[in-house]
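Read off the chains here:
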Amino acid sequence: MTAGPTSPRSDPTAADLLEIEHLRKAYGEHVILRDLSLRVLPHQCVALIGASGSGKSTLLRCLNLLETVDDGVIRLDGVDITDPRTKADQVRTRVGIVFQAFNLFPHMSVLDNVTLASRVVHGVRRAEAEAVAMDMLRRVGLAEKARATPDSLSGGQQQRVAIARALVNKPVLMLFDEVTSALDPELVGEVLGLLTELKAEGMTMLVATHEMGFARQVADSVVFLADGGVAEAGPPEQVLAEPTDPRTQRFLRRIIDAGRL
Amino acid sequence: MNAPTRAPDGWVPSDLQQQRLSYRRSRNRRSGLIAGISTVVVAVVVGWSVAHTQGWPRFRESFLNVDYGRQVFGDIAKGLWLNVRLMVVCEVVILVLALLLALARSLRGPVFFPIRALSTVYTDVFRGLPLLLVLYLLGFGVPSLRITWLPSNSLIWGAIGLILTYTAYNAEVLRAGMESIHPSQRAAARSLGLTHAKTMRHVVIPQAFRRVMPPLLNDLVSLQKDTALIAALGTPYYDAVLQAQIDAQTSYNYTPYVIAGLLFLVLTIPMTRFTDWIARKQGWTSAGAAV
């Protein structure tokens, strides 16, 4: 299925912020994504769901150019970022990613983690970078932890720092790669709450997640990945409640059986 | 330790806990006592057996002659100062070169093949050659070529030999350290828009350096004593060992060697303890910082 998800809230005349066409990515013999197409409108929040190994993480890593795609096109704001002549580092400053395992830099303070990109990539002076970073840390509720080292924080706090770090570049698109999967259950809420706020502020987001509650309540559309492509896409009430693809039905049944929906 | 330290919440150990603590204290005292006694016994037995060997009087005369030792101590200590300066200068150069070499070996892409290949050959060769041989080849071989613009100073060639050999070792240590940093750290840095070079500079190398600090210090201890090998290049630079050699040859008494050995130990043992301390401290912190 190559038709993009259409949301009842989306404006049909608006240009897509992200267009993915016929994307393919394999590791050796192992094909992860085959002929995947997807469109995302500005200010949309898209939940990516699917079984482990269905390619959610690989898709997000391709969008951040952490992986080189094997075929197909990714356009951000109409510009082909899969063109080998694209400056990958410039694209990456416009597309933020938050990882499952936080990936904070353990040898730096929280504040240095957040200011690194401004100081080193954009050449902002330290004082200025720190002022912006403190705003960002206040935003995620962790201003008082600025001088702490990452390993002294809880998982939820680390993940919020990682989000602040990604936001400092003022990205036009944010990618979230199962950002709550490594968290203890009672810490999931604080991170999902932050994602919900970001969505309310109009950030365009792609959220790979196993949190079906979040997908249903916050996402504008839900995309179900299977066999390296989009198996089903649409508004959450449709995909999650009345799935038409048998693979989606099976996946949701397993989740319901596991008590996660 | 005797008075329980006051906890911030006003906790005072229960009677049961007090009993446990006093039991543990008595066990510790007992262990200390046993260790002390057994050490004394071993020392006495070993000392007695050595002192009662047939050659002991002659051995003491030629290796442990206190009067002669006092006489030569000053010169040997002065020689040791040369070793120390040599060690410091070499180590600084070694660290810089080793880092460059490690970076060269981790370059990816076909353009860099010659650089990669050259650095691989370099490390293979200099890790494989005995240091003494390198020193001979450089210290005697190169000056004998009589190339006028090259220094003929044996000390400089000795230093170059040490630098070439130890750079190869340290480069491998650093490279291993850089490769041990989890790829997710690079991914995180690249995702923020840092270039490859900036990722190395701000994220990978600082973490790698911390991780390989113990092996690097280990190599430094080794370098410290290997500076003594420049004695093989002879005069006019008297390091501790060469000085001891000359003293021993003029007097047929080996006490100067023992003095030189003790002086090296005075330098290397604190260094080794420091290395252990760093390693322990690191094992303790990196457990929490695992990525």
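Look a little higher up for the structure.
Model, not experiment: these values are computed from the prediction. The residue numbers shown here count from 1 along each chain, following its written sequence. Going through the entries in the order they are written, you letter the chains from A and number the ligands from 1. Only residues with pLDDT of at least 70 are given local features in this predicted model, and only at 80 or more are side-chain atom pairs given and counted; all residues enter the totals for whole chains, interfaces and linings.

Some remarks on the overall build of chain A
So, step 1. Each helix and strand in chain A was counted, giving nine helices and ten strands.
So, step 2. Atoms counted for the radius of gyration: C-alpha only. Globule rule: 2.2 Å times residue count to the power 0.38. For chain A, the C-alpha radius of gyration of 18 Å lies close to 18 Å, the compact-globule estimate for 261 residues.
So, step 3. Its C-alpha atoms put chain A at 55 × 45 × 40 Å along the principal axes.
So, step 4. Counts of 20 or more other C-beta atoms within 10 Å of a residue's own C-beta define buried residues, counts of 12 or fewer define exposed ones, and intermediate counts define partly exposed ones; C-beta atoms are placed from the backbone. By residue count, 49% of the 261 residues in chain A fall in the buried class.
So, step 5. Considering only intrachain contacts with a sequence separation of at least 6, the fraction spanning at least 24 residues in chain A is 66%. Helical segments are the DSSP runs of H or I of at least four residues, strand segments are the runs of E of at least two, and each set is numbered from the N terminus. Residues are scored as being in contact if the C-beta atoms we place from backbone atoms lie within 7 Å.

A word on the overall build of chain B
So, step 1. Helix and strand counts for chain B stand at ten helices and zero strands.
So, step 2. Taken from N to C terminus, the helices and strands of chain B fall in the order α-α-α-α-α-α-α-α-α-α.
So, step 3. Relative to its length of 291 residues, chain B is extended, with a C-alpha radius of gyration of 26 Å against a globular reference of 19 Å.
So, step 4. Counting only C-alpha atoms, chain B reaches 85 × 75 × 25 Å along its principal axes.
So, step 5. Classification of the 291 residues of chain B by burial places 26% in the buried group.
So, step 6. Residue pairs at least 24 apart in sequence account for 74% of intrachain contacts in chain B once pairs closer than 6 positions are excluded.

Section: the environment of Ser 57 of chain A
Residue and element names in this part refer to chain A.
So, step 1. Assignment of secondary structure puts Ser 57 in helix α1 (residues 56–63).
So, step 2. A tally of 20 C-beta atoms within 10 Å means that Ser 57 is categorised as buried.
So, step 3. When the C-alpha positions of Ser 57 and Thr 209 are compared, they lie 9.9 Å apart, and in sequence the two are 152 residues distant.

Quick word on the sheet that holds strand β10 (residues 229–234) of chain A
All names here are of chain A.
So, step 1. Strand pairing is assigned whenever DSSP identifies at least 2 bridges connecting the two strands. Pairing within the open sheet is mixed, and its six strands lie in the order β6-β7-β8-β3-β9-β10. In this open sheet, the two edge strands, each paired with only one partner strand, are β6 (95–98) and β10. Averaged over all pairs of adjacent strands, the angle between their axes in this sheet comes to 20°, without regard to strand direction.
So, step 2. Both strand β9 (residues 221–226) and β10 contribute to a ladder of five bridges, which runs antiparallel. By the bridge assignment, Ala 226 is partnered in β10 with Gly 229.
So, step 3. Helix axes are fitted to C-alpha atoms over the stretch in contact, other axes to C-alpha atoms as well, and angles between N-to-C directions run from 0 to 180 degrees. Of the strands in this sheet, β6 and β7 (173–177) touch helix α5 (residues 155–167), which is tilted by about 170° from β6.

Some details on the interface of chain A and chain B
So, step 1. Every contact between the two is made by 19 residues of chain A and, on the other side, 19 residues of chain B.
So, step 2. Secondary structure elements with two or more residues in the side of chain A that touches chain B: α2 (88–94) and α3 (110–120) of chain A.

Section: the sheet that holds strand β2 (residues 30–40) of chain A
Residues and elements named next belong to chain A.
So, step 1. Spatial ordering of the open sheet is given by β2-β1-β4-β5, a layout of four strands whose pairing is antiparallel. Looking at the sheet topology across the chains shown, the edges are occupied by β2 and β5 (79–80).
So, step 2. In terms of strand pairing, strand β4 (residues 71–76) meets β5 through two bridges, oriented antiparallel. Counted as the bridge partner of Leu 76 is Val 79 from β5.

Brief notes about helix α9 (residues 246–257) of chain A
So, step 1. One less than the residue count of a helix, multiplied by 1.5 Å, gives the span that helix is expected to have. With twelve residues, α9 of chain A should reach 16 Å at 1.5 Å per residue; the first-to-last C-alpha distance of 16 Å fits that figure.
So, step 2. The positive-phi residue at the C-terminal boundary of α9 of chain A is Gly 259 of chain A, with phi of around 75°.

Overview of the environment of Val 258 of chain B
All names here are of chain B.
So, step 1. Within the secondary structure, Val 258 is located in helix α10 (residues 255–286).
So, step 2. For the pair Val 258 and Pro 214, spaced 44 residues apart in sequence, the C-alpha to C-alpha distance is 29 Å.
So, step 3. Val 258 has contacts with Phe 63 and Leu 64, leaving out every residue within four places of it along the chain.

Structural notes on the nonpolar core
Side chains of a nonpolar character, in soluble globular proteins, are inclined to be buried together.
So, step 1. Nonpolar cores are built from buried Ala, Val, Leu, Ile, Met, Phe, Trp, Tyr and Cys residues. These are joined into a set through C-beta atoms within 7 Å. Counting 125 residues, the largest nonpolar core has Val 46, Leu 48 and Val 207 of chain A as the members making the most contacts within it.
So, step 2. When residues in this core are grouped by element, the largest group, eleven residues, is from helix α6 (residues 154–180) of chain B.
So, step 3. Once residues within four sequence positions are removed from consideration, Val 207 of chain A is found in contact with Cys 45, Val 46, Ala 47, Leu 48, Phe 176, Leu 195 and Ala 219 of chain A.

Some points on the packing of α3 of chain A against helix α4 (residues 126–139) of chain A
All names here are of chain A.
So, step 1. The interhelical angle for the contact between α3 and α4, taken along N-to-C directions, is 125°, at an axis separation of 9 Å. On the basis of their axis angle, the class for α3 and α4 is oblique. Where α3 crosses over α4, the handedness of that crossing is right-handed. Along the contact surface, α3 presents Leu 111, Val 114, Thr 115, Ser 118 and Arg 119, while α4 presents Arg 126, Ala 129, Glu 130, Val 132, Ala 133, Met 136 and Leu 137.
So, step 2. Charged residues are taken to be Asp, Glu, Lys and Arg, nonpolar residues to be Ala, Val, Leu, Ile, Met, Phe, Trp, Tyr, Cys and Pro, and polar residues to be all remaining types, Gly included. Among the residues making up the contact of α3 with α4, the classes are represented as seven nonpolar, two polar and three charged. Should an angle fall under 35 degrees it is taken as roughly parallel, and over 145 as roughly antiparallel, whereas 65 to 115 is taken as roughly perpendicular and any remaining angle as oblique. For any helix crossing, the convention is left-handed if the near helix is rotated counterclockwise from the far helix by under a right angle, and right-handed if that rotation is clockwise.

Comments concerning the pairing of strand β1 (residues 18–27) of chain A
Residues and elements named next belong to chain A.
So, step 1. Taken together, the seven bridges between β1 and β2 define a ladder with antiparallel strand orientation. Paired with Leu 18 across the bridge in β2 is Val 40.
So, step 2. The antiparallel hairpin formed by β1 and β2 contains two residues in its connecting segment, where Gly 28 sits at a positive phi of about 65°.
So, step 3. Pairing of β1 with β4 involves five bridges; the strand directions are antiparallel. Following the sheet pairing, Glu 21 is matched in β4 by Val 73.

Concerning unusual backbone geometry
Phi is mostly negative for residues that are not glycine, and the peptide bonds are mostly trans.
All names here are of chain A.
So, step 1. Despite not being glycine, Asp 35 has its phi angle at roughly 50°, a positive value.
So, step 2. The topology assignment puts Asp 35 in strand β2.
So, step 3. Located in the positive-phi region is Asp 227, a residue other than glycine, with phi close to 50°.
So, step 4. With 15 C-beta atoms packed within 10 Å, Asp 227 lands in the partly exposed category.

All quantities given are derived from atomic positions and should not be read as evidence of function.
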